[in-house]
Amino acid sequence: MTLDAKIPPGPLAEKWSKHKFNLKLVNPANKRKYDVIVVGTGLAGASAAASLAELGYNVKAFCFQDSPRRAHSIAAQGGINAAKNYRNDGDSVYRLFYDTIKGGDYRAREGNVYRLAEVSVNIIDQCVAQGVPFAREYGGLLDNRSFGGAQVSRTFYARGQTGQQLLLGAYSALNRQINAGKVKMYTRTEMLDVVIVDGKAQGIVTRNLETGKVETHSGHAVLLCTGGYGNVFYLSTNAMGCNVTAAWRAHKRGAFFSNPCYTQIHPTCIPVTGDHQSKLTLMSESLRNDGRVWAPKTVELAQKLRKGELKVTDLKEEDRDYFLERKYPAFGNLVPRDVASRNGKEMVDEGRGVGTTGVAVFLDFADAIKRLGEDAVRAKYGNLFDMYYQITDENPYKQPMRIYPAVHYTMGGLWVDYNLMTNIPGLYCLGEANFSDHGANRLGASALMQGLADGYFVIPYTLGDYLATIGPKPIDANNPAFANTKKDVEDRIEKLLALRGTKTVDEYHRELGHIMWEYCGMARNEEGLKKAKGLIQNLRADFWKNAIVLGENEELNQSLEKAGRVADFLELGELMVDDALMRKESCGGHFRIESQTDEGEAKRDDEHFAFVAAWEYKGDNQPEVLNKEELVFENVHLTQRSYK
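Not measured: the values here are computed from a predicted model.

Caption draft 1: Layout of the environment of A614. By secondary structure assignment, the location of A614 is in strand β22 (residues 611-616). Look past the residues within four positions of A614 in its chain and what remains in contact with it is L3, F256, F257, S258, W415, V625, L626 and N627.

Set out below in structure tokens:
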């Protein structure tokens with residue numbers, strides 16, 4: 001199937017403005033005749049729901065949390081990118097575009113990425129107007145800091161809690177519309193399927209997480225803003241509730257799933273300490289502005305540190321290997337996440353890891369404290385340092401942090417065109433849930449940027465084009481498709497509740513995570529991926545025989561919730577492995593051991609793999625069909641990435 005991304009013709013800098021003019025409009029008096037469903041209330045969902053309601057549409061918003069402000073967007077720490085060039089250090093819209101394309105290892109669309117850079121400047125103005133308390137310099141101007149993959153300071157931040165402050169801004173805008181009666185908010189409600197009528201998305205099926213009641217909701221369009229699927233790895237920096245269910249059920253109804261194997265590994269996370277953990281904790285990339293990453297120079301020194309025979313503060317400067325500064329002098333500690341993660345893993349693989357497990361490297365602030373003073377460091381990173389202390393009982397002001405890479409973000413997701421519509425008319429996908437802007441590796445501080453760009457500045461234009469085409473005729477909620485889809489959901493719930501085996505759902509989830517991390521994580525090879533495919537197939541078959549799901553549907557039942565989500569992860573995991581097997585190149589966060597340069601860096605194969613992989617579901621236990629969207633680069637030259 002030929003995929004039409006609907007990228008407008010013409011010069012890059014004019015595409016979005018010309019496209020907006022050519023889009024059909026819905027006149028203000030007609031907007032109140034349309035119902036729009038928004039699933040998810042993170043940055044993308046809350047900003048979209050608030051913006052569309054402000055325009056006059058009737059919005060139904062859904063989240064499985066008890067409040068929209070508990071969406072996982074609050075967990076983002078370090079900042080949000082925007083090409084304001086306040087520092088006068090050479091930044092521009094084009095440089096942000098170029099850094100993002102290069103950071104994604106040339107596996108993202110030029111048109112989408114340029115638009116993202118273009119509207120980034122508006123996001124900051126919007127959020128300042130909402131009262132988001134961005135950090136400011138002494139004179140009152142907004143402050144900036146640097147992030148990986150850039151040689152300019154373009155990241156706006158609110159201490160180490162930028163995501164939370166941005167979400168509070170979007171949440172206040174959303175609450176205004178709830179109070180005005182333009183948004184009807186459904187909390188503690190999980191979407192379990194999408195209703196397709198005559199090839200168009202016209203509703204969803206949900207389950208009330210408190211009562212178990214299964215309901216249908218109709219709308220002229222459905223917007224999925226449900227975040228990423230990193231929890232397929234079990235241990236990740238995502239909240240435990242984060243899942244793939246909404247996107248996966250849409251995929252099984254015909255929406256293409258793109259680049260599922262593109263997973264971002266974040267280099268600065270608190271290391272795993274044992275099997276008791278259910279999630280991992282992120283230490284913001286912003287820490288690499290002032291923290292220096294290092295490992296002991298020799299295996300012998302690392303062993304002494306692990307055994308407690310030597311204190312880290314006793315290690316002489318000449319015995320420390322600041323490996324990122326040594327290997328990448330131009331970017332130093334601020335190389336992109338995939339590069340920093342892979343190098344951290346190399347140190348551990350060489351036997352130079354630290355901590356009791358030996359699976360960590362150091363992030364050291366001694367130089368910054370000496371240069372700036374402890375108070376200045378505390379003002380920048382105080383809440384992050386406190387969080388580290390609370391978890392590890394180690395004082396990062398007195399000794400280096402221990403860090404190690406962990407699963408953080410997913411660049412894959414539902415395929416969307418330039419208008420953010422999937423291949424199913426009327427079904428849109430925003431934010432991390434789609435694949436569109438980050439290629440094979442997301443640059444830090446770009447997730448918040450994409451979520452708010454999609455919700456505040458893209459979907460309010462592009463949605464109207466579709467709605468004007470279908471007209472304001474009310475959706476027929478009595479169409480048999482609604483009852484049939486609801487029956488499918490109820491049958492699946494009954495099937496899950498009938499499981500009375502001996503293994504808990506968490507056991508299956510943990511086992512899947514081990515397989516994914518071992519064979520489809522930071523480094524992959526053909527043999528391992530083929531083994532992983534068989535292991536996942538066996539695990540899924542065992543799940544449907546031997547899992548135990550307790551309780552009933554007509555109640556709060558977290559065992560049932562988890563079972564549905566893990567069943568979807570088991571299917572997604574196999575598709576991720578298939579995608580990784582197909583892509584016989586290394587790029588960004590996807591490192592195929594068979595495809596690397598002489599220096600051990602990722603080696604792309606632009607001749608055979610400069611495309612978006614869009615997978616088409618063909619039925620249970622049937623191989624999915626690969627559709628390709630060829631990537632065309634007219635404004636950037638494809639080169640081997642170098643941060644040296």
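Caption draft 2: Focus on the layout of surface pockets. What the second largest pocket holds in volume is close to 730 Å³. Considering the residues around the second largest pocket, the lining is formed by 27 residues, among which K252, E571, Y617, D620 and N621 are closest to the centre.

Caption draft 3: Highlighting empty space enclosed by the protein. One pass over the full model with this rule turns up six cavities of 30 Å³ or more. Reported here for the largest cavity is a volume of approximately 130 Å³. When contributions to the lining of the largest cavity are tallied by element, the ones reaching two or more residues are β6 (189-197), α7 (245-252), α14 (480-497) and α17 (558-582). Considering only residue class, the lining of the largest cavity consists of six nonpolar, two polar and six charged.

Caption draft 4: Representation of the pairing of strand β12 (residues 292-296) within the structure. β12 sits mainly inside the fold: five of its five residues count as buried. In this sheet, strand β14 (residues 361-364) lies alongside β12 in antiparallel orientation, the contact comprising three bridges. Across the sheet, R292 pairs through a bridge with D364, a residue of β14. Across two bridges, β12 lies against strand β13 (residues 320-321) in antiparallel orientation. Its bridge partner being in β13, A295 is matched across the sheet by D321.

Caption draft 5: Spatial organisation of the sheet that holds strand β23 (residues 625-630). Here four strands make up an open sheet; going across it, the order is β16-β10-β22-β23 and the pairing antiparallel. The strands lining the two open edges of the sheet, one partner per strand, are β16 (413-414) and β23. Two strands pair when backbone bridges link them, and strand β10 (residues 257-258) and β16 are joined in this way by two bridges, in the antiparallel orientation. Paired with F257 across the two strands is L414, which belongs to β16. Running over the sheet, α17 touches β10, β22 and β23 and is turned about 145° from β22.

Caption draft 6: Fine view of the packing of aromatic side chains. Scanning the model with the defined rule gives 23 aromatic pairs in all. For the ring pair F134 and F156, a centre distance of 6.1 Å and an interplane angle of 65° mean the geometry is edge-to-face. Taken as a pair, F134 in the loop between α5 (110-130) and β4 (155-156) and F156 in strand β4 lie far apart in primary sequence, 22 residues in all. In this structure F156 comes out as buried when scored by relative accessible area, which is 0%. Between the aromatic rings of Y428 and Y466, the centroid separation amounts to 6.3 Å while the plane-to-plane angle is 70°, which identifies the pairing as edge-to-face. In this pair, Y428 is assigned in strand β17 (residues 427-429) and Y466 in helix α13 (residues 447-470), connecting sequence segments 38 residues apart. Take Y428: its relative accessible area is 1%, and that puts it in the buried class. Look at Y466 and you get buried, because its relative accessible area is 8%. Every member of this aromatic cluster is reached through a ring pair, and the members are F365, Y381, F385 and Y397. The positively charged end of R378 is found above the aromatic ring belonging to Y397, 4.4 Å away from the centroid. Sitting above the plane of the F64 ring, R565 keeps its charged end 4.9 Å from the centroid.

Each value, and the rule that gives it
Residues numbered from 1 in each chain as written. Predicted model: local features only at pLDDT ≥ 70, side-chain atom pairs only at ≥ 80, totals over all residues. Heavy atoms only, no water. Helix = DSSP H or I, 4+ residues; strand = E, 2+ residues; numbered from the N terminus. Contact = heavy atoms within 4.5 Å. 1 Å grid on protein atoms, 1.4 Å probe; cavity = no way out; pocket = protein on both sides within 12 Å on 5 of 7 lines; lining within 4 Å. Points joined across faces, edges and corners; volume = space filled by probe spheres on them. Nonpolar A, V, L, I, M, F, W, Y, C, P; charged D, E, K, R; others polar. Buried < 20%, exposed > 50% of the residue type's maximum accessible area, 1.4 Å probe, protein only. Pairing = 2+ DSSP bridges. Axes fitted to C-alpha atoms, helices over the stretch in contact; angles between N-to-C directions. Phe/Tyr/Trp six-rings, centres within 6.5 Å; stacked < 30°, edge-to-face > 60°. Lys NZ or Arg CZ within 6 Å of the ring centre and 35° of its normal.

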